[in-house]
Amino acid sequence: MNQTRKVVLRFPQDTADRPLVCELALRFGLVFNILRASISPHREGLMVLELFGDTGKQEMGLHFLRDKGVEIEDLSQDIRKNDNRCFHCGACVGVCPSGALYVDRQDYRVYFDENRCIACEFCVQCCPTHAMEALI
Ligand code: SF4
Ligand code: SF4
């Protein structure tokens, strides 16, 4: 059976500079798009992948990554910022790993770039006014 699936990969520090994702294509013949990536040598990394094709091969590929220490979650939620509730405290900016939440130096307000969001929900957990929402 074929399926399209989006997953968030979290690479621990000791794996972030290894070409593990290439192995999905080489070993398992998987086709994928890298939707987001935030990877630096010797630091924890994050990547969002869109996988295509055979479900069994996808499971084998993801199992391979888990064995190497990569944490994997399905990307199933949409994140929204409710500007009516936001008082621009900046708490969410500090926890956002992808730069999707940022302070504009012109007006010192917090803005949300949904194209950079990897739906990790860190902002949802830390926002004191629940301005950041996860929609299924
Ligand atoms: S934590 Fe909440 S209230 Fe504070 S800037 Fe972020 S969205 Fe706005
Ligand atoms: S869910 Fe929130 S913290 Fe996570 S990437 Fe998206 S905006 Fe940033």
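The structure displayed is predicted, hence computed values, not measured ones.

Asker: Account for the pattern of salt bridges, with residues named and values stated.
Answerer: Per the counting criterion, the structure on display carries seven salt bridges. Here Glu-59 and Arg-5 are joined by a salt bridge, their closest N and O atoms 2.8 Å apart. One end of the pair, Glu-59, is in helix 2 (residues 55-67); the other, Arg-5, is in strand 1 (residues 5-11), with 54 residues separating them in the sequence. Look at Arg-5 and you get buried, because its relative accessible area is 13%. Between Arg-80 and Glu-114 there is a salt bridge whose closest N-O contact spans 3.8 Å. Separated by 34 residues along the polypeptide, Arg-80 in strand 5 (residues 78-81) and Glu-114 in the loop between strand 7 (109-112) and helix 4 (122-126) bring together distant segments of the chain. In this structure, a network of salt bridges that share partners links the residues Arg-5, Glu-59 and Asp-74.

Asker: I'd like a rundown of the site of ligand 1, residues and numbers included.
Answerer: The full set close to ligand 1 counts 13 residues, and Cys-86, Cys-89, Gly-90, Cys-92 and Cys-127 are the nearest of them. Taken together, the residues of the shell around ligand 1 break down into 10 nonpolar, three polar and no charged.

Asker: How would you summarise the sheet that holds strand 2 (residues 31-38) if you had to cite specific residues and measurements?
Answerer: Read from one edge to the other, the open sheet built from four strands follows the order 2-3-1-4, with strand pairing classed as antiparallel. In this open sheet, the two strands that pair with only one neighbour each are strand 2 and strand 4 (71-74). When strand polarity is set aside, the average angle formed by the axes of neighbouring strands in this sheet is 25°. When strand 1 meets strand 4, the two strands line up antiparallel, connected through four bridges. Paired with Arg-10 across the strands is Glu-71, a residue of strand 4.

Calculation criteria
Residues numbered from 1 in each chain as written. Chains lettered and ligands numbered in written order. Predicted model: local features only at pLDDT ≥ 70, side-chain atom pairs only at ≥ 80, totals over all residues. Heavy atoms only, no water. Salt bridge = Lys/Arg side-chain N within 4 Å of Asp/Glu carboxyl O. Helix = DSSP H or I, 4+ residues; strand = E, 2+ residues; numbered from the N terminus. Buried < 20%, exposed > 50% of the residue type's maximum accessible area, 1.4 Å probe, protein only. Near = heavy atom within 4 Å. Nonpolar A, V, L, I, M, F, W, Y, C, P; charged D, E, K, R; others polar. Pairing = 2+ DSSP bridges. Axes fitted to C-alpha atoms, helices over the stretch in contact; angles between N-to-C directions.

Everything listed here is a matter of geometry and, on its own, says nothing about what the molecule does.
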